[in-house]
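Architecture at a glance
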Amino acid sequence: MLDIPSDPLSSVVTLLKPAVSISKLVEAGGPWRVERHDMASPFYCAMVEGRCRLHVTGRDPVTLSGGDFVLIPYLQGFTMSSEVPPPPHVPRRPLETGPGRFRLGVPEAPVDVRALVGHCRFDTPASDLIVSLLPEMIHVSGHSRLTALVPVIHEETRADRPGREMILERLLEVLLIEALRSGPAATLPPGLLRGLSDPQLAGALQRIHAEAGSALSVSELAKAAGMSRSGFFERFRRQVGRAPMEYATDWRMAVAKTLLRQGGLTNAEIALRVGYGSASAFGLAFVRHEGLSPGAFAAKNGR
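Presented here is an overview of the structure given in this document. Please read all numbers here as calculations on a predicted model, not as lab measurements.

**Some remarks on the side chain of R103**
By secondary structure assignment, the location of R103 is in strand β9 (residues 101-105). Comment: no salt bridge for buried R103; closest opposite-charge side chain is E27, at 6.5 Å. From its side chain, R103 meets the backbone oxygen of A109 in a polar contact 2.7 Å long. If sequence neighbours within four positions are ignored, R103 has contacts with E27, A28, G29, P94, L95, T97, A109, P110 and V111.

If you want it as structure tokens, here you go:
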């Protein structure tokens, strides 16, 4: 049975169900560039030493230095290069120098950049919806807990020891939570993390995540926040990026999709878990939100 923590950040990461797909140590020297434009996965990078440039599709380039950590919940394409990149259209494939270890740049040049890079997947049918609540990119410097976790994940990925999959899942959960709560609130875009940084909204978000099966209302959430209904509504929409009940519905549907994929519960049982009084009311709400019935969704996405 799905056990969802009441804390909003923990509940989001629990539903995402992260799993490692690739973990590698990248070493580079001299001019180098690597480009990928066929990605569709979460990405993280811990800079061990040196400096390089990261240009994520649709965003301004950033310079990464030793001790930096970057998390991109949904990466579609990127270019990573030395600070002075090689001329365009100069092909130079990465050289695999060992299991999970790659060399970039001029082979005879001394190594001046080391980075631990990982790609993972979110094993949830609600990943698009949940990722939309998160920042597009988190970039932090000097966060020792994050830079200490990535080597452990890399080591565990390389090993073939009992309990490997469970350990990797737990390590990734810790990494994601640590990364998501490490970004400075002032620079966060509207979304869950910015809402949680607002003391008057944090309690409302806590209730939405902890009480998905309750009949919450804007008035009730506003009263708990010590605000007028209109003031709460506008502040929530400004900070979180969507109206309170729209957010509540999105979260309920993320839980419902997870339960439908998991199987073992009737629509009536799921309806009670996500705040609907009957299977028919839940079915109508699900069709409005997802464009297909719960049964059709389960048949398409079930294990």
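This is not the end of the story, as more comes after the structure.
**A word on the nonpolar core**
Within the largest apolar cluster, 67 residues are counted, with the highest numbers of intra-cluster contacts made by F69, L175, F232 and F282. By residue number, the principal contributor to this core is helix α9 (residues 244-262), which donates nine residues. With residues near it in sequence (within four places) discarded, F232 still touches L201, A204, V218, L221, A222, A225, M227 and P244. Counting 22 residues, the second-largest nonpolar core is a separate cluster that includes V62, F78, L104 and V117.

**Thoughts on the environment of R93**
Topologically, R93 is positioned in the loop between β7 (78-81) and β8 (95-98). The exposed category is assigned to R93, whose relative accessible area is 80%. Sequence separation between R93 and L176 is 83 residues; the distance between their C-alpha atoms is 30 Å.

**Description of the sheet that holds β7**
Taken in spatial order, the four strands line up as β2-β7-β4-β5 in an open sheet, and their pairing is antiparallel. Looking at strand neighbours, the two that pair on one side only are β2 (33-36) and β5 (62-65), the edges of this open sheet. Across this sheet, the average inter-strand angle for adjacent strands is 20 degrees, counted without regard to direction. Pairing analysis gives four bridges linking β2 to β7, with the strands arranged antiparallel. In the strand pairing of β7, V34 is matched with M80.

**Observations regarding the sheet that holds strand β10 (residues 113-122)**
What the seven strands build is an open sheet, ordered β8-β9-β1-β10-β3-β6-β11; its pairing is mixed. The open sheet has two edge strands with one neighbour each: β8 and β11 (138-141). The sheet shows a mean angle of 25 degrees between the axes of neighbouring strands, taken without regard to direction. In this structure, strand β3 (residues 41-49) lies alongside β10, joined through six bridges in antiparallel fashion. Bridge pairing links A46 to L116 in β10. Along the sheet face, helix α3 (residues 144-158) touches β1 (18-29), β3, β6 (68-75), β10 and β11 and points at about 105 degrees away from the line of β1.

**A few points about the pattern of salt bridges**
Any two side chains of opposite charge can pair if their charged atoms end up close together. All told, the structure shown has 20 salt bridges when counted by the stated rule. The partner of E136 in a salt bridge is R59, with the nearest N and O atoms 3.3 Å apart. Here E136, found in the loop between α2 (127-131) and β11, pairs with R59, found in the loop between β4 (51-56) and β5; they are 77 residues apart in sequence, far enough to count as distant. Put simply, R181 and E178 hold a salt bridge, and the shortest N to O gap is 3.0 Å. What makes E178 buried here is its relative accessible area of 7%. Here the salt bridges do not stand alone but share partners, grouping K17, E169, R170 and E173 into one network.

**Describing the packing of aromatic side chains**
With the rule as written, the count across this model stands at six aromatic pairs. Ring centres 5.7 Å apart and planes at 50 degrees place the aromatic pair F232 and F236 in the tilted group. Within this pair, F232 and its partner F236 are both found in helix α8 (residues 229-240), separated by four residues, close to a single helical turn. With a relative accessible area of 0%, F232 lands in the buried category. An aromatic cluster is defined as three or more aromatic residues linked by ring pairs; in this entry it consists of Y276, F282, F286 and F297. When the ring centre of F102 is taken as origin, the NZ or CZ atom of K24, which lies over that ring, is 5.4 Å away.

So, how was this worked out
- Every chain begins its residue count from 1, and numbering advances along the sequence as written.
- With pLDDT at 70 or above as the cut-off, local features in this predicted model cover only qualifying residues; side-chain atom pairs require 80 or more to be listed or tallied, and sums for whole chains, interfaces and linings still use all residues.
- The basis for every side-chain value is the complete set of heavy atoms in the structure, and neither hydrogens nor water enter the calculation.
- Each helix corresponds to a stretch of at least 4 residues labelled H or I by DSSP, and each strand to a stretch of at least 2 residues labelled E; elements are numbered beginning at the N terminus.
- Relative accessibility decides the category of a residue: with a 1.4 Å probe and only protein chains considered, values under 20% of the type maximum give buried, values over 50% give exposed, and everything between is partly exposed.
- Only four residue types enter the charge count: Lys and Arg as positive, Asp and Glu as negative, with His and the chain ends excluded.
- In what follows, salt bridge is the name for a side-chain nitrogen of Lys or Arg lying within 4 Å of a carboxyl oxygen of Asp or Glu.
- Pairs of N or O atoms within 3.5 Å make up the polar contacts considered here, provided that, within protein, one atom can donate a hydrogen while the other can accept it, and that residues adjacent in sequence are counted only when both atoms are side-chain atoms.
- Residue contacts are defined here by distance: any two heavy atoms, one from each residue, within 4.5 Å place the two residues in contact.
- For this analysis, a nonpolar core means a set of buried residues of the types Ala, Val, Leu, Ile, Met, Phe, Trp, Tyr and Cys, connected via side-chain atoms within 4.5 Å.
- Strands pair, by our definition, only if DSSP identifies at least two bridges between them.
- What counts as an axis is a line fitted to C-alpha atoms, over the stretch in contact for a helix, and the angles between N-to-C directions run from 0 to 180 degrees.
- Here is the rule: rings of Phe, Tyr and Trp (six-membered ring for Trp) pair when centre to centre is within 6.5 Å. Planes less than 30 degrees apart are stacked, more than 60 are edge-to-face, and the remainder are tilted.
- A positively charged side chain is recorded as over a ring if its NZ (Lys) or CZ (Arg) lies within 6 Å of the ring centre. The angle to the ring normal must also be within 35 degrees.

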